[in-house]
Amino acid sequence: MSIKPLGSRVVIKRLEAEEKTKSGIVLTGAAKERPQEALVVAVGPGEVLDGKVVPMEVKVDDKVLYSKYAGTEVKVDGEEFVIVKQDDILAIVE
Amino acid sequence: MSIKPLGSRVVIKRLEAEEKTKSGIVLTGAAKERPQEALVVAVGPGEVLDGKVVPMEVKVDDKVLYSKYAGTEVKVDGEEFVIVKQDDILAIVE
Amino acid sequence: MSIKPLGSRVVIKRLEAEEKTKSGIVLTGAAKERPQEALVVAVGPGEVLDGKVVPMEVKVDDKVLYSKYAGTEVKVDGEEFVIVKQDDILAIVE
Amino acid sequence: MSIKPLGSRVVIKRLEAEEKTKSGIVLTGAAKERPQEALVVAVGPGEVLDGKVVPMEVKVDDKVLYSKYAGTEVKVDGEEFVIVKQDDILAIVE
Amino acid sequence: MSIKPLGSRVVIKRLEAEEKTKSGIVLTGAAKERPQEALVVAVGPGEVLDGKVVPMEVKVDDKVLYSKYAGTEVKVDGEEFVIVKQDDILAIVE
Amino acid sequence: MSIKPLGSRVVIKRLEAEEKTKSGIVLTGAAKERPQEALVVAVGPGEVLDGKVVPMEVKVDDKVLYSKYAGTEVKVDGEEFVIVKQDDILAIVE
Amino acid sequence: MSIKPLGSRVVIKRLEAEEKTKSGIVLTGAAKERPQEALVVAVGPGEVLDGKVVPMEVKVDDKVLYSKYAGTEVKVDGEEFVIVKQDDILAIVE
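Heads up: these notes are all about the structure in this document. Only a predicted model underlies this, so the values are computations on that prediction, with no experimental measurement involved. (Residues numbered from 1 in each chain as written. Chains lettered and ligands numbered in written order. Predicted model: local features only at pLDDT ≥ 70, side-chain atom pairs only at ≥ 80, totals over all residues. Heavy atoms only, no water.)

Turning our eyes to something else, we now look at the packing of aromatic side chains. Under the definition given, this model contains zero aromatic pairs over all chains. A cation over a ring is seen here: C:Lys13 above C:Phe81, with NZ or CZ 5.4 Å from the ring centre. (Phe/Tyr/Trp six-rings, centres within 6.5 Å; stacked < 30°, edge-to-face > 60°. Lys NZ or Arg CZ within 6 Å of the ring centre and 35° of its normal.)

If you want it as structure tokens, here you go:
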């Protein structure tokens, strides 16, 4: 099953942050901050503005930083995704 | 009886999620989350922007993911539908 | 006396829903939901956008579904009407 | 003294509704609903949009229905008027 | 000292309403309503929209009605003025 | 050190109002109203609208009246400035 | 690892203000105000408006003043950055 986002929407998959505290302890679950990094899984065709499609800036497999709490969480075939508008993506991390 | 949505509106029919918990129990009624999947039943002609009709991205029989709580529920001939603006449809699921 | 709505406004007359409960009792008054079906009685000339009149999608005698609570109720010659913007009309029912 | 409204504004004079209850009693003062009918007294030149003046739809002496509570009440030479934007006028009654 | 308002702003000077009650008493101070009449003292060059200056509708010495509470009160050389956007001026009184 | 404001922003320096009460006492500190007069210190290049730069209406050394509480206070090299959008400047005082 | 901001976004790094109180004590930590100065680390390609990219006004290594509390804090490789829209940058400090 595949997801084709509409307009300027982007389907992303959160990347679990592997985070160590200063004492070297790896945090899990509720002790971790909500992740902000994600992998782009599918990209919409772009929004139509003034009769022209605005081309998208991100592409599949880009690693991105996105606004915490942005978008809608969906579950397809048991896997969790977030569908965000490209405007909620802050930056591409390379 | 048929429904012809206006502008960029879309008539959708919710798909009941058949969802199993990890223990294998099939959830029904209030225990299930409000569904987000739906089938497109009718599509409006598209919104007029700057004197041009913006063509619609979804078509009848598309299976779509839509924003929870979006749209207006209507009952026609005893059957329940939701009329949403296309902008509330997040993605097409294939 | 006739009503000529301005801009993209539409004058509609609510259709009383004849609704039976499962037990076959016909509900009246406060026990019924506020109706969403209406008949188009008069249609405005259309809104002016970018110097052009956007043509109206509904016409007199169309049976329409409209957003609950939308519009303004008016009473002309003892008869009750609702004046809504066409944007509050969800769909035409045929 | 005369009032020349600016832009798309319209000066209207409320028409007192002569309203009988079913028992035939004529209601006065606080027992009556706030009137919605008015007579157009003066019409502005129209709003400038995209460098063009959008022509007005109402004219002096039109009897109109307007949104309750819209506009600003003014008193000129002891007479009360309401100055509304044309967009707050719902329909012309003929 | 003179004030040159920017954009579509207008400098006005409130006209004190000389108001008699029905019994003939002239009201002063807190018993009077906040005045709505004013004299235009200075007019801005007009707002730039779509690369063109929209010409102003009011001119110096016009007597105008303006929205109660609109604008900003300023005191220049001990004299009180109100700087409003032309959009807050309802009508010219002649 | 110099400050170059972006877009339609303007850097202003508040002018301390020398204000006497009717009894002739010069007010200082907390007893005075927050000043509304300021001197223009730096002017941005202007906002880009529809692909064109809208030219600025104020220039360095203009004495201006600005909306109380508008803008952001900044401290550069120990001196206090306010950065406002030109739209928050009401008028030039000459 | 590098961050490429999208649209009109800018990645900035806060500059720690070295601030002395009048008594000469250097304040640290919670006693200091939240800094408003920052260094530009990466600049997006610019926003698309009316089919054209609006060129950016800031460039890498500019020292800027930005609105307190604007933007989103991100942590990449243990270093803290703020991603702001260029519109939240008030001025360039030279």
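Picking up after the structure, the text goes on.
On to the side chain of E:Gln86, then. By the secondary structure assignment, E:Gln86 is in the loop between strand S8 (79-85) and strand S9 (89-93). Note on E:Gln86: relative accessible area 12%, which makes it buried. Excluding residues that lie within four positions of it along the chain, E:Gln86 makes contacts with D:Leu6, E:Ser8, E:Val10, E:Met56, E:Glu57 and E:Val58. (Helix = DSSP H or I, 4+ residues; strand = E, 2+ residues; numbered from the N terminus. Buried < 20%, exposed > 50% of the residue type's maximum accessible area, 1.4 Å probe, protein only. Contact = heavy atoms within 4.5 Å.)

If you trace the backbone, A:Ile89 turns up in strand S9 (residues 89-93). Linking A:Ile89 and A:Ile12, residues 77 residues apart in sequence, is a C-alpha distance of 10.0 Å. Those residues within four positions of A:Ile89 in sequence are excluded, and the remaining contacts are A:Val10, A:Val58, A:Val64, A:Leu65, A:Tyr66, A:Val84, G:Leu6 and G:Arg9.

Before going further, it helps to spend a moment on the pairing of strand S3 (residues 37-43) of chain E. Residue and element names in this part refer to chain E. Across five bridges, strand S2 (residues 9-14) lies against S3 in antiparallel orientation. Bridge assignment links isoleucine 12 to a residue of S3, and that residue is valine 40. Pairing geometry for S3 and strand S6 (residues 63-66), over three bridges, is antiparallel. What sits directly across from leucine 39, in S6, is lysine 63. (Pairing = 2+ DSSP bridges.)

This part is about the interface of chain B and chain C. If you look at the interface, chain B gives 17 residues, while chain C gives 15 residues. Note on chain B versus chain C: buried area summed over both sides is about 1,400 Å², and carbon and sulfur give 55% of it. Where chain B touches chain C, the interface holds two salt bridges. A salt bridge links B:Lys4 to C:Glu94; its shortest N-O distance comes to 3.6 Å. There are six residue pairs in polar contact (both at pLDDT 80 or more) connecting chain B and chain C. When residues of the side of chain B that touches chain C are traced back to their parent elements, those giving at least two are strand S1 (3-5), strand S7 (72-76) and strand S8 (79-85) of chain B. When residues in the side of chain B that touches chain C are grouped by element, the largest group, four residues, is from S7(B). Its residues placed into classes, the side of chain B that touches chain C shows nine nonpolar, three polar and five charged. Relative to strand S9 (residues 89-93) of chain C, S1(B) runs antiparallel, the two being bridged by three bridges. (Buried area = accessible area lost by both parts, 1.4 Å probe. Salt bridge = Lys/Arg side-chain N within 4 Å of Asp/Glu carboxyl O. Polar contact = N/O pair within 3.5 Å; in protein donor to acceptor, adjacent residues only side chain to side chain. Nonpolar A, V, L, I, M, F, W, Y, C, P; charged D, E, K, R; others polar.)

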